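Given next are the chains, with one letter for each unit.
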Amino acid sequence: MRVLLIGAGGVGTAITRIAAGRGFFERMVVADYDASRAAAAVAALATEGAPATEGAPATNGGAGDGRRPEDRFAAARIDASDEAAVAELLARERCDVLLNATDPRFVMPLFRAAHAAGAHYLDMAMSLSRPHPDRPYEECGIKLGDEQFALAADWEKADRLALVGVGVEPGLSDVFARYAADELFDTIEEIGVRDGANLTVEGYDFAPSFSIWTTIEECLNPPVVFEKDRGWFTTPPFSEAEVFDFPEGIGPVECVNVEHEEVLLIPRWVDADRVTFKYGLGADFINTLQVLHQVGLDRTDPVTVPGAGGPVEVSPRDVVAACLPDPAALGDRMRGKTCAGTWVKGTRNGRPREVYLYHVVDNEWSMREYGSQAVVWQTAVNPVVALELIATGAWEGKGVLGPEAFDPRPFLALLTEYGSPWGMRED
């Protein structure tokens, strides 16, 4: 397998560090608009060495297969919005698959470029939504992923796979949903993805652990809920607050409705009466996002501001991003754990059952082993696992598919082999 990884930020760099310890691919080209960032991600592999994933035999990519990271990785510059240039790079490097590690603005140009080049495609966030013009907090407008699913027939006809939403959330959370349906329940009343953490960042009152661009998008858009007898509908941001008790010492965290891909993906392949996504944000975090919205700093359309050489057009959201610390650089200041998981309520053998399937990453561990903070590492490990399953033929498919469309057992087994086991709590 030959891979084009586009995006060398926190998640993209973590992907290279995880993948370097595996042998399922022949070559990975790391491309970014900032050529120096792509080069730094590749150079670090040669100087630091690749962490050997736990339990990985040499034939499957563990330490000892004789290949140095610098022999398998290369850096390139690319504009992710330039479809023709991306397709040309895919062809020139003879890449079988494009792995998108950019923010959601670039999903569609990269998605189309991969199709044009005859490559498979993976991403961790899907095409953007647009609220309903008249009833944004009651009805869906354009939903997350709608633009991608509209082209599913083209991908099927080309006999190529677009595996969408295969990070941690969406991604591992969707694998958990399919595993619960296949192995743990006869009927499912509700699938609720619940994300919480006890992470703190020394020296900052407000420092998101993930891209602020993505954080604003998902937190301030109308959240989507699915109900079998109603379909998809929306609610106001931060609605339906509940306190959820997270495992491994994180404890109770207040969670609220947030727009997220799982609600749009899970009902396509898993039979459930209701699907929700709730995020543990905290009152201070929510208040900051609401203030950004009130003063228009969450907007993406450019505004004109004075500049040294004359008027300059700039996106307010990009200004916010530029003023905040880089999430990838927060690891040394970060303390605590992050938890991604899927709570499922239903019946088994005629009796009520509730379980929480989860994955916890301790920031101290991810920094020590990979030099990546917990949130970006937890996001990055899952597409690498998916790539390996595709490369070995354990996962096969064509068209536009979510993680729920595949057998969850090989994914969960391989995730454990990577040295990052998952857990289950019977509630």
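Rules behind the numbers
- Residues numbered from 1 in each chain as written.
- Predicted model: local features only at pLDDT ≥ 70, side-chain atom pairs only at ≥ 80, totals over all residues.
- Heavy atoms only, no water.
- pLDDT = per-residue confidence, 0-100.
- Contact = heavy atoms within 4.5 Å.
- 1 Å grid on protein atoms, 1.4 Å probe; cavity = no way out; pocket = protein on both sides within 12 Å on 5 of 7 lines; lining within 4 Å.
- Points joined across faces, edges and corners; volume = space filled by probe spheres on them.
- Helix = DSSP H or I, 4+ residues; strand = E, 2+ residues; numbered from the N terminus.
- Nonpolar A, V, L, I, M, F, W, Y, C, P; charged D, E, K, R; others polar.
- Phe/Tyr/Trp six-rings, centres within 6.5 Å; stacked < 30°, edge-to-face > 60°.
- Patch = residues over 30% accessible without salt bridge, like charges linked within 9 Å, V, L, I, M, F, W, Y side chains within 5 Å.
- Areas by Shrake-Rupley, 256 points an atom, 1.4 Å probe, with all protein chains shown as cover.
- Salt bridge = Lys/Arg side-chain N within 4 Å of Asp/Glu carboxyl O.
- Buried < 20%, exposed > 50% of the residue type's maximum accessible area, 1.4 Å probe, protein only.
- Polar contact = N/O pair within 3.5 Å; in protein donor to acceptor, adjacent residues only side chain to side chain.
- Pairing = 2+ DSSP bridges.
- Axes fitted to C-alpha atoms, helices over the stretch in contact; angles between N-to-C directions.

Asker: Let's hear about the confidence of the model for the protein: which residues, and what values?
Answerer: Put simply, the protein has an average pLDDT of 92, and 95% of its residues get 70 or more. In this model, residues 54–64 is a region of pLDDT below 50 whose contacts with residues beyond four sequence positions or in other chains number 22 contacts.

Asker: I'd like a description of the layout of surface pockets, backed by residues and values.
Answerer: Approximately 490 Å³ is the volume found for the second largest pocket. As for the second largest pocket, its lining consists of 26 residues, and the residues nearest its centre are P131, E217, N221, D298 and R317. Sorting the residues of the lining of the second largest pocket by element identifies α9 (212–220) and α11 (283–294) as the ones contributing at least two each. Counting residues per element, the lining of the second largest pocket draws most heavily on α9, which supplies four residues. Counted by class, the lining of the second largest pocket contains twelve nonpolar, six polar and eight charged residues.

Asker: So, the packing of aromatic side chains: which residues are in play, and what are the values?
Answerer: Overall, the coordinates contain 20 aromatic pairs when judged by the stated rule. Geometrically, the ring pair formed by F176 and W422 is tilted, given 5.9 Å between the ring centres and 50 degrees between the ring planes. In this pair, F176 sits in helix α8 (residues 172–184) while W422 sits in the loop between α15 (408–417) and β20 (423–426), placing the two residues 246 residues apart along the sequence. Judged by centre distance (5.5 Å) and plane angle (70 degrees), the ring pair of Y179 and W422 falls under edge-to-face. Placement of Y179 in helix α8 and of W422 in the loop between α15 and β20 is noted, with a sequence separation of 243 residues between them. Following the ring pairs from residue to residue traces out a cluster consisting of F244, F246, Y356 and Y358.

Asker: So what's going on with a nonpolar patch on the surface? Residues and values would help.
Answerer: A cluster of nonpolar side chains, contributed by V291, V295 and L297, occupies part of the molecular surface with about 230 Å² of accessible area. The topology assignment puts V295 in the loop between α11 and β14 (303–305). With relative accessibility at 56%, the residue V295 sits in the exposed group.

Asker: Residue-level account of the side chain of R274, with values.
Answerer: Relative to the helices and strands, R274 resides in strand β13 (residues 274–279). On the basis of relative accessibility, which here comes to 19%, the residue R274 falls in the buried class. A polar side-chain atom of R274 sits 3.0 Å from a polar atom in the side chain of E227. Not counting residues up to four positions away in its chain, the partners in contact with R274 are E189, E190, I191, V225, F226, E227 and E240.

Asker: Tell me about the sheet that holds strand β19 (residues 399–401), and name the residues and values.
Answerer: The parallel open sheet is built from seven strands, whose spatial order is β3-β2-β1-β4-β5-β6-β19. Sheet topology places β3 (73–77) and β19 at the edges, where each strand pairs with a single neighbour. On average, each strand axis in the sheet is inclined to that of its neighbour by 20 degrees, with strand direction left out of account. As judged from the three bridges shared by strand β6 (residues 161–163) and β19, these two strands associate in the parallel manner. Within β19, the position partnered with L163 by the bridge is L401. Sitting on the sheet, helix α4 (residues 83–92) is in contact with β1 (2–6), β2 (27–32), β3 and β4 (97–100), with an inclination near 150 degrees to β1. Sheet contacts for helix α5 (residues 107–117): β1, β4, β5 (120–123), β6 and β19; angle to β5, the most-contacted strand, approximately 160 degrees.

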